[in-house]
Each structure stands twice: as C-alpha cells, then as structure tokens.
Amino acid sequence: MAAAVPPPVPQRGRSVRSTGNTGGSPRSAAALRSGRPLPGGPGGPAGAGPAASMAQRGQEAVAVPSLGGVGRERFLQDVYPQRKPVVLKGMELGSCTTKWTVDYLSQAEGSKEVKIHVSAVPQMDFLSKNFVYRTLPFNEFVQRAAEVKHKEYFLSENEKYYLRSVGEDARKDVADIRKQFPVLADDVQIPEYFDKEQFFSSVFRISSAGLQLWTHYDVMDNLLIQVTGRKRVVLYSPQDVPYLYLSGTKSEVLDVDNPDFEKYPLFVKAKRYECYLEAGDVLFIPAMWFHNVISEEFGVAVNVFWKHLPAECYDKSDTYGNKDPTAASRAIQILDRALKTLEELPEEYRDFYARRMVSRIQEKAYRNDYG
Ligand SMILES: O=C(O)CCC(=O)C(=O)O
Ligand SMILES: [Fe+2]
C-alpha cells in the first residue's frame, strides 16, 4: 500500500522541489540514490524570482521523499543502505496515535518530575542561552506545553516548553521510554528495523507549538516517530559540514529561514532538504545528517536511536547519542596537535604546509562517490 504524499508546500517565499510520489516506484530508488535536486521544477509562489537567484540565496529546498507501506525487509534493502532521510508514511505505531490526547498523557504518567527547556522566544539559541532548565510535575508540564498563554510561568506568559527525556541518572543512563514512561511506552510500537543489540536509546519528546530546535547532528541512526502534531524538519547532508558553522554538534546558523549571510557567507552553499511530518509519520534520519525542527503545533514524538557501526566504535560515556565515534575524536585531537605544531612556523610557511595537509586529507580521506 502506497500512502498518498501531500504536495510540497511553498513556505515564506521558498520553493520546494518536489520528488513526486515516490511510493515504491523504480524512480524513487533512483531519486534516493542521485542526491541531486529532483526534476519537477521550482513550484515557488508568483514573484519569488527566478530559480537560479533563489538557489544563490540558498532558498530552494529539496523535498525529502515519502514512502508508504515500508516493511522491515524493504527498509533494510532499499532505504537504509542509501543513507538518506526518508519520510515513512502509514506505519503501524500502536494505539498512541489515537490515545495520546493532552488529558490522557497527563494522567497516564502522573506527577513525576521532568526537567524541561523553557524559552521566552520560539527560537532556542544555544549561543546566547536564551532558555533555562526548569523542573515540573509531568502532568502540569503537559498542560502547559499544550497551552499558548500561561497563567503560571517561569519567564513570560508566552514561554515555550521542550521535553527531551533522559535516563534515570541523566549523566550515566541513556533515555529509554520503557523505563521512564512505562505506561505510555505500552502504547507505542517502535518499528523493528534493526537488531535488538543495535538499540541505543528511545527518547520521549514533547514540544510547545512554535518551538524551534537548533540545527544539530546525532551520531546514531534515528527513526523520529511523530505521534501527534505537525512538525517541519529541515535537513542538511553530512557533506555540507563546511557550510554550517559548527560549534560542537550544533550549527551556529540559528535562523535557517533568514540566515545572516554577512556572518555566515558559506551557508548559501548548504543544500536544504525539507519535509513536514504529520501525526503518524516517521522520519528516518541517518547518523550525521543535520536536522532543524519547528513544531508547528503542540506535538508529541518518540525517537529511537540505534547503532549503525559495530558497538566498539562508539564512546561508552555517550548518553545522548551525540558523542563522536572514538576514532573520530582521536583523529580530531591529533589534528589539534598538528595545528599547534604548525604555529611554530611563520605565517607564510604555516599557510603553505596547511594547504598541503588539506590536499592530503582530501586525497586520502574524502569519499569520491559523494553525489
Ligand atoms: O523532533 C524533535 O523534537 C527533535 C528531533 C531530534 O532532534 C532527534 O530525533 O534527534
Ligand atoms: Fe537530533
């Protein structure tokens, strides 16, 4: 069964290149493999200007393909090896999709305390730290996240909330919805698209309407199950890392819709992928793919992270699924030492040898089949 795919929605003067309905046609596999903007033409609003200039402004988005009725076999054979995001429609997710109303959620797990992000403005900023961490009883938190204006608040009556569940001991334990929210976990059927040993964590996420999470990457493969509420997800490929101005695992370009090109000139080169998740949709986010999420409505999601690499490649102290594989961390440490060593040379020489090193890295370590 191939689910219908909604037409691309032009947003704020932006055109979305449609991949068309990729519900399992041979075209979909080719489209997934190509990695290029797909035919279909820019469907932008009138007066949005020619496609080329929009592309120059970095305002053209490639629609993430949607696939309907993808079972385990098909996922593992056709989707997973492509290492590209895909929206999976019509998945069997259990009773959560009908049961999870605000009242049901709040009574199901009672008044256990949860630690949440609270932000006075919709766009959370990790640089200026415009949000705070607070603790609330779960039932109260759910009611607050679902309302727009608050009688009781921490920062302002329009503040936004975000819950990212953590383990019992947030420093040592990974999030597992079955342990922290056992009643709700019974309502969710997580697609079994990986072996049990590959499981890393399952994270319960609740967001106020309007809240925007900064662009970041995680090091695990991810199925983001949007149980209720609509969400926009903008993604960037791992190969676009030079254009994203990273600070650790996060991009400093906070406003992906209206970026400051004076400050971030290379961001224009980043290829924007985009999708809208409706309640019941599941987004496959491969490890290292950057994602930026706006909850257009109050929404509840569960995501499951699992290991793509052999278990020993990962950092044992990682609780959030965002510590780089140990070989990558070691390589970065060695690079930092090399950079320190180059400082022994005057600028003219440092520049020359730095360029030689960059060429060597490109020649020896870049893949040559990246499309
Ligand atoms: O949808 C969200 O709230 C954030 C999703 C996310 O960052 C993730 O699943 O890794
Ligand atoms: Fe994430």
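Everything quoted here is computed from the prediction, not taken from an experiment.

Criteria and thresholds
Residues numbered from 1 in each chain as written. Chains lettered and ligands numbered in written order. Predicted model: local features only at pLDDT ≥ 70, side-chain atom pairs only at ≥ 80, totals over all residues. Heavy atoms only, no water. Axes fitted to C-alpha atoms, helices over the stretch in contact; angles between N-to-C directions. Helix = DSSP H or I, 4+ residues; strand = E, 2+ residues; numbered from the N terminus. Parallel < 35°, antiparallel > 145°, perpendicular 65-115°, else oblique. Left-handed = near helix turned anticlockwise from the far one by under 90°. Contact = heavy atoms within 4.5 Å. Donors = N, O, S within 2.8 Å, 3.2 Å for Na, K, Ca; no water. Buried < 20%, exposed > 50% of the residue type's maximum accessible area, 1.4 Å probe, protein only. Phe/Tyr/Trp six-rings, centres within 6.5 Å; stacked < 30°, edge-to-face > 60°. Polar contact = N/O pair within 3.5 Å; in protein donor to acceptor, adjacent residues only side chain to side chain.

Draft legend 1. Focus on the packing of helix α5 (residues 102-109) against helix α6 (residues 138-146). Packing of α5 against α6 leaves a shortest axis separation of 8 Å and a crossing angle of 160°. Classified by the interaxial angle, the pair formed by α5 and α6 is roughly antiparallel. Considering only the axes of α5 and α6, their crossing is right-handed. Only F138, N139, V142, Q143 and A146 of α6 make contact with α5, whose side of the interface consists of V102, D103, L105, S106 and E109.

Draft legend 2. Fine view of the coordination of the iron ion (ligand 2). Protein coordination of the iron ion (ligand 2) is provided by H216 (NE2), D218 (OD) and H291 (NE2), with donor distances spanning 2.1 to 2.2 Å. For the iron ion (ligand 2), the donor residues sit on a single chain with the sequence spacing H-x1-D-x72-H. The same class applies to H216 and to D218, which are both buried.

Draft legend 3. Examining the packing of aromatic side chains more closely. Evaluation of the coordinates by the stated rule reveals 21 aromatic pairs. Taking the centre distance of 6.1 Å and the plane angle of 35° together, the rings of F138 and F204 count as tilted. Placement of the pair is F138 in helix α6 and F204 in strand β8 (residues 199-207), with a sequence separation of 66 residues. Using a relative accessible area of 0% as the deciding quantity, one classes F138 as buried.

Draft legend 4. Inspection of the environment of K99 at higher detail. Structurally, K99 can be placed in helix α4 (residues 96-99). Measuring from C-alpha to C-alpha, the distance between K99 and T228 comes to 9.8 Å, with 129 residues separating the pair along the chain. Once residues lying within four places of it in the same chain are set aside, the contact partners of K99 are Y104 and D187. A polar side-chain atom of K99 sits 3.0 Å from a polar atom in the side chain of D187.

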